[in-house]
Amino acid sequence: GEDVEQSLFLSVREGDSSVINCTYTDSSSTYLYWYKQEPGAGLQLLTYIFSNMDMKQDQRLTVLLNKKDKHLSLRIADTQTGDSAIYFCAETPSTGFQKLVFGTGTRLLVSP
Amino acid sequence: EAGVAQSPRYKIIEKRQSVAFWCNPISGHATLYWYQQILGQGPKLLIQFQNNGVVDDSQLPKDRFSAERLKGVDSTLKIQPAKLEDSAVYLCASSKEDGDTQYFGPGTRLTVL
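From a predicted model like this one, the values you see are computed outputs, not experimental measurements.

**Focus on the state of the cysteines**
- Applying the stated criterion to the full structure yields two disulfides over all chains.
- Paired through a disulfide, Cys22(A) and Cys89(A) show a sulfur-sulfur distance of 1.8 Å. Its torsion about the S-S bond being 60 degrees, the disulfide of Cys22(A) and Cys89(A) is classed as right-handed. Of this pair, Cys22(A) sits in strand S3 (residues 18–24) while Cys89(A) sits in strand S9 (residues 85–91), placing them 67 residues apart in sequence. For the pair Cys22(A) and Cys89(A), one class covers both residues: buried.
- In this model, Cys23(B) is linked to Cys92(B) through a disulfide, with the two sulfur atoms separated by 1.9 Å. Here Cys23(B) and Cys92(B) share a disulfide; its torsion about the S-S bond, -70 degrees, makes the bridge left-handed. Pair noted here: Cys23(B) is in strand S3 (residues 19–24) and Cys92(B) is in strand S9 (residues 88–95), with a separation of 69 residues, a long-range link.
- On the accessibility criterion, Cys92(B) (0% relative accessible area) is buried.

**A closer look at the interface of chain A and chain B**
- Residue-level contacts link 17 residues of chain A with 21 residues of chain B.
- Counting each side, the surface lost to burial between chain A and chain B is near 1,500 Å², with a carbon and sulfur contribution of 55%.
- Our enumeration of links across chain A and chain B arrives at zero salt bridges.
- Put simply, chain A and chain B have three residue pairs in polar contact (both at pLDDT 80 or more) between them.
- For the side of chain A that touches chain B, the elements supplying multiple residues, two or more each, are strand S4 (31–37) and strand S5 (43–50) of chain A.

**Remarks on the sheet that holds S3(A)**
All names here are of chain A.
- As summarised here, the arrangement of the five strands in space is S1-S3-S8-S7-S6, forming an open sheet in which the pairing is antiparallel. Each having just a single partner strand, strand S1 (4–6) and strand S6 (55–58) make up the two edges of the open sheet. Across the sheet, the mean angle separating the axes of adjacent strands is 15 degrees when strand polarity is ignored.

Cut-offs and rules
- Residues numbered from 1 in each chain as written.
- Chains lettered and ligands numbered in written order.
- Predicted model: local features only at pLDDT ≥ 70, side-chain atom pairs only at ≥ 80, totals over all residues.
- Heavy atoms only, no water.
- Disulfide = S-S within 2.5 Å.
- Helix = DSSP H or I, 4+ residues; strand = E, 2+ residues; numbered from the N terminus.
- Buried < 20%, exposed > 50% of the residue type's maximum accessible area, 1.4 Å probe, protein only.
- Contact = heavy atoms within 4.5 Å.
- Buried area = accessible area lost by both parts, 1.4 Å probe.
- Salt bridge = Lys/Arg side-chain N within 4 Å of Asp/Glu carboxyl O.
- Polar contact = N/O pair within 3.5 Å; in protein donor to acceptor, adjacent residues only side chain to side chain.
- Pairing = 2+ DSSP bridges.
- Axes fitted to C-alpha atoms, helices over the stretch in contact; angles between N-to-C directions.

Here it is as structure tokens:
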């Protein structure tokens, strides 16, 4: 089945690192994504990782993928107040067309 | 490059009324998606078009929801009649082809009273 889970809330101080975690159930997922949603806005693609990789780094963002445990994480280095938003992980299931299955989202609050 | 456009941004209606949302995808994108995002949840796919054909509408409540993409470009999503539980943000996304990265519009926030 398709199910993506995330913790609901994370609070950090400006300058610290943030780690947002996600677990998924479809072990055959091809791509896993991280999207950011700011209040009143649509979803902005942050980064994605192909299922045959275990790490991807893009400036302040590091994605780690543990396929054995079906665990995905997003690390934001030097977190800024502008990073405050809801972060969604999403998978593309192995069956059917390439729809995205989203988690419930993690609200990140960055305090000065 | 212009992004995905949606209108209106906000809509308030009473239950049993009808409502329609419009989406203009990124130019040249063959695949268009409509998602429903209920408050506190992640988006859920309602329908996916490849050009002007439907490829996945398995989660669309077809007794009240309909969608079309007649010329393979713009799309409309309609709800008739609306229920209280339809209150949500309706997001449109597009991608070059099926399986490519999806780009999202700002969404339409629907409130059903």
